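Each chain, letter by letter, is given below.
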Amino acid sequence: MTEPQQPRGVLYRWASILPVTEATPRITLGEGDTPLVRSVALGALCGLDELWFKLEMCNPTGSFKDRGMVLAVAKAVEGGAKAIMCASTGNTSASAAAYAARCGIESYVLVPGGNVAAGKLAQAIAFGTRIVQIDGNFDEALNAARELTQKHPVALVNSVNPHRIQGQKTAAYEICESLGDAPDILSVPVGNAGNITAYWKGFGECAERGLATLHPRMYGFQAAGAAPLVSGKLVEHPETVASAIRIGNPASWSGAISARDESGGLIEAVTDEEILEAYGLLAAKEGLFVEPASAASVAGLLKLGRAGRLRGGRAAAILTGNGLKDPDTAARHYHPDIVVSDATVAGVERALGW
Ligand code: F0G
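Along each chain, residues carry numbers from 1 onward, in the same order as the chain's sequence is written. Restriction of local features to residues with pLDDT of at least 70 applies here, the model being predicted, together with a cutoff of 80 or more for giving and counting side-chain atom pairs; totals for whole chains, interfaces and linings are based on all residues. Here the side-chain values reflect all heavy atoms present in the structure, with hydrogen atoms and water set aside.

What to know about the sheet that holds strand S10 (residues 314-319)
Filter applied, for reference: Here, any two strands with at least 2 DSSP bridges between them count as paired. A run of H or I in DSSP becomes a helix once it reaches four residues, and a run of E becomes a strand once it reaches two; helices and strands are each numbered from the N terminus. For every element, the axis is a line fit to its C-alpha atoms; helices are fit only across the contacting stretch, and the angle between N-to-C directions ranges from 0 to 180 degrees.
Pairing is mixed across the open sheet formed by six strands, whose spatial order is S1-S2-S10-S7-S8-S9. What marks the edges here is a single partner per strand, and that holds for strand S1 (36-38) and strand S9 (266-270). Averaged over all pairs of adjacent strands, the angle between their axes in this sheet comes to 25°, without regard to strand direction. Alignment of strand S2 (residues 50-55) against S10, held across six bridges, turns out to be parallel. Bridge assignment links Phe53 to a residue of S10, and that residue is Ala317.

Below, the structure written as C-alpha cells:
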C-alpha cells in the first residue's frame, strides 16, 4: 500500500506564500503545477540558447486564470460572499464560473458582445453562470462590473482583486523551481496587464527568498490593434484576432509599466499576421496548440530574434490558453486537406495516393 496522494492545487502547494488562513476554504480543481517544456525548434529561430514554454493552457479550465481565480473565489467565500462577478474576454469568465460551480455560489459574467471565442462561451454556459453580453467592449464591461459590485453584494473577481495577482504569481515560483533559477527573459502576452504584474511580483519574491539569483527582463507583447501600453494612449476601439487581449485600457497599467522599467524589459506590439504566424509555428513545429493571444508571447520573441535583438540566453514564454477554446480562428487559419475514403485498406491507399 502506498500513501494516498496529497490534494493538488495552488492553495495546497503554495499556501505558505499566499494570504490563506485556517478559515480559507481549500478549494481545488487541481490548478497549477503546469509543465515547463523546452522548445525544439522556435528557440533557435529566435536566436536564443534556450526557450522554454510554460503550459498554462494545462490548467483545469484551459487557461492561466485558474491560478488566481482559485484564491479570489476562496477568499470571497471566506468573506461570506454568495455570488461573484467579472468582466471578461472569455477565459476569466470560464474560470470564475467553474470555481463558483465548485463552491455552490452564483456567478455573473459580463462579456463583450460578439467577441468571445466559442469554446470559452461554451464553458461559461456549461458551468451555469449568468452571462450578460454587453453592447460594448471589455473595458466598458469592466467599468460596469466595478460599479455593479460596489452597489450589490457580489464579489468582483477581475484582476483588480489583489487575490488574483497573488495566485497568479505562483507560476513564477514554479518556473524558478523547474529551471533552478529565473530565466533571463520572461515573455508574456499583455491584455489587462494583471499577468505581467503578477509574474514580476513573483520573480521579485523568488529573488528575495533565495529561489533565484536573477530577475528576468520582462517582455510583454500586445496586439498591434490593442496596444495602449506601447503607444501610451488609451485605445478606444481595440481590434485584434487575439480576442482575449482585445483591451484598450488595461486595469493594471502601472503594474505593467513598473514590470517593464524595473526589469529593464520592454512592451512592444505584434501584428495579427505575426500572431497567426507564431500560432501556426507553435502547432506545426512544437506540437503546441494555443489560442491566438498566447501566441503573442512567441510572436514577439520571433520578431525580436529576426531583428537581431536577442543574443542567446534563456527565455521562458507563457502559453496562456488552449487552442481548443477558439475553434473559429483555427477553422479560418487552416485549410484542411481532408480526403474521404470508404472503410477499406484499398480505399485508404487510393485516397492517400499510395
Ligand atoms: N492570454 C489569454 C489567453 C488571456 O485570456 C488573457 C486575458 C491574456 C493572455 C492577457 O492577460 O489580461 O493579465 O494581461 N484575458 C482576460 C479575460 C482579459 O477576460 O479572460 P492579462
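Topic: the sheet that holds strand S3 (residues 83-87)
The parallel open sheet is built from four strands, whose spatial order is S5-S4-S3-S6. Because the sheet does not close on itself, it has two edges, and the strands there are strand S5 (130-134) and strand S6 (155-156). Inspection of the sheet shows S3 paired to strand S4 (residues 106-112) by five bridges, in the parallel sense. For Cys86, the partnering residue across the bridge sits in S4 and is Val109.

Examining the packing of aromatic side chains
Basically, it comes down to this: Pairing of aromatic rings covers Phe, Tyr and Trp, the last counted by its six-membered ring, and requires centre-to-centre distances within 6.5 Å; plane angles under 30 degrees mean stacked, over 60 mean edge-to-face, and any other angle means tilted. Think of it in three bands: with a 1.4 Å probe and only protein chains considered, a residue is buried below 20% of the maximum accessible area for its type, exposed above 50%, and partly exposed in between.
A full pass over the atoms with the stated rule returns four aromatic pairs. Geometrically, the ring pair formed by Trp14 and Tyr173 is tilted, given 5.4 Å between the ring centres and 55° between the ring planes. One end of the pair, Trp14, is in the loop between helix H1 (10-13) and S1; the other, Tyr173, is in helix H8 (residues 170-179), with 159 residues separating them in the sequence. Residues Trp14 and Tyr173 agree in their burial class; the two are buried. A ring pair is formed by Tyr199 and Phe203, whose centres lie 6.2 Å apart and whose planes are at 25°; its orientation type is stacked. Here Tyr199 and its partner Phe203 are both found in helix H9 (residues 194-208), four residues apart, which amounts to about one turn of the helix. For Tyr199, a relative accessible area of 1% puts it in the buried group. A relative accessible area of 0% means that Phe203 is categorised as buried. A connected cluster of aromatic rings, assembled from ring pairs, spans Tyr279, Phe289 and Tyr334.

Section: a nonpolar patch on the surface
Just so we agree on the cut-off: Residues form patches when they are more than 30% accessible in relative terms and have no salt bridge. Like charges link within 9 Å. Nonpolar side chains (Val, Leu, Ile, Met, Phe, Trp, Tyr) link within 5 Å. Methods summary: accessible areas were calculated by the Shrake-Rupley approach with a probe of 1.4 Å, and residue burial reflects only the protein chains presented. For this analysis, a salt bridge means a side-chain nitrogen from Lys or Arg found within 4 Å of a carboxyl oxygen belonging to Asp or Glu.
Nonpolar side chains collect at one region of the surface, where Val339, Val348, Leu352 and Trp354 lie side by side and expose about 460 Å² of accessible area between them. Along the chain, the position of Leu352 falls in helix H15 (residues 345-352). Judged by relative accessible area, which is 44%, Leu352 ranks as partly exposed.

Some points on the side chain of Thr170
Under the convention used in this document: Whether two residues are in contact is decided by their heavy atoms, any of which lying within 4.5 Å being enough.
Topologically, Thr170 is positioned in helix H8. Under the relative-accessibility criterion, Thr170 is labelled buried at 0%. Setting aside its immediate chain neighbours within four residues, Thr170 contacts Val10, Trp14, Ile17, Leu18 and Arg67.

Focus: the pattern of salt bridges
Evaluated as defined, the whole model comprises 16 salt bridges. Between Arg13 and Asp33 there is a salt bridge; the shortest N-O distance is 2.8 Å. One end of the pair, Arg13, is in helix H1; the other, Asp33, is in the loop between H1 and S1, and 20 residues separate them in sequence. A residue is classified by how much of its surface remains accessible, and Arg13, at 32% relative accessible area, is partly exposed. Given a relative accessible area of 40%, Asp33 falls into the partly exposed group. Of the charged contacts, one joins Glu56 and Arg67 as a salt bridge, the two residues approaching to 2.6 Å between their closest N and O atoms. Of the two residues, Glu56 is situated in the loop between S2 and helix H3 (65-78) and Arg67 in helix H3; the sequence distance between them amounts to eleven residues. Each member of the pair, Glu56 together with Arg67, is buried.

Focus on unusual backbone geometry
The backbone of Asp33 shows a phi angle near 55°, a positive value even though the residue is not glycine. The phi dihedral of Ala193 is positive, around 75°, even though this residue is not glycine. By relative accessible area, Ala193 is classed as buried at 4%.

Some thoughts on the site of the ligand
The test is simple: Only heavy atoms are used to decide nearness, and a residue is near a molecule or strand if one of them lies within 4 Å of it. Polar contacts, as counted here, are pairs of nitrogen or oxygen atoms within 3.5 Å of one another; within protein the pair requires one atom able to donate a hydrogen and one able to accept it, and residues that are adjacent in sequence qualify only if both atoms are side-chain atoms. Here the nonpolar group is Ala, Val, Leu, Ile, Met, Phe, Trp, Tyr, Cys and Pro; Asp, Glu, Lys and Arg are the charged ones; every other residue, Gly included, is treated as polar.
Around the ligand, 20 residues are found, and the nearest of them are Thr89, Thr92, Asn192, Ala193 and Thr320. Within the backbone of Asn192, one N or O atom sits 2.7 Å away from an oxygen atom of the ligand. Between an oxygen atom of the ligand and a main-chain N or O atom of Ala193, the distance comes to 2.7 Å. When the ligand is considered free in solution it has 480 Å² of accessible area, and contact with the protein chains removes 98% of it. For the shell around the ligand, the secondary structure elements donating two or more residues are helix H4 (91-103) and H9. The class makeup of the residues in the shell around the ligand is eight nonpolar, ten polar and two charged.

Regarding H9
Which entries qualify depends on this criterion: In a helix, the anticipated span is given by 1.5 Å times the number of residues less one.
In this model H9 runs 21 Å from its N-terminal to its C-terminal C-alpha over 15 residues, within 8% of the 21 Å that 1.5 Å per residue would give. With respect to burial, H9 is a largely interior element, twelve of its 15 residues being buried. Taken together, the buried positions of H9 are Gly194, Asn195, Ile196, Thr197, Ala198, Tyr199, Trp200, Gly202, Phe203, Gly204, Glu205 and Cys206.

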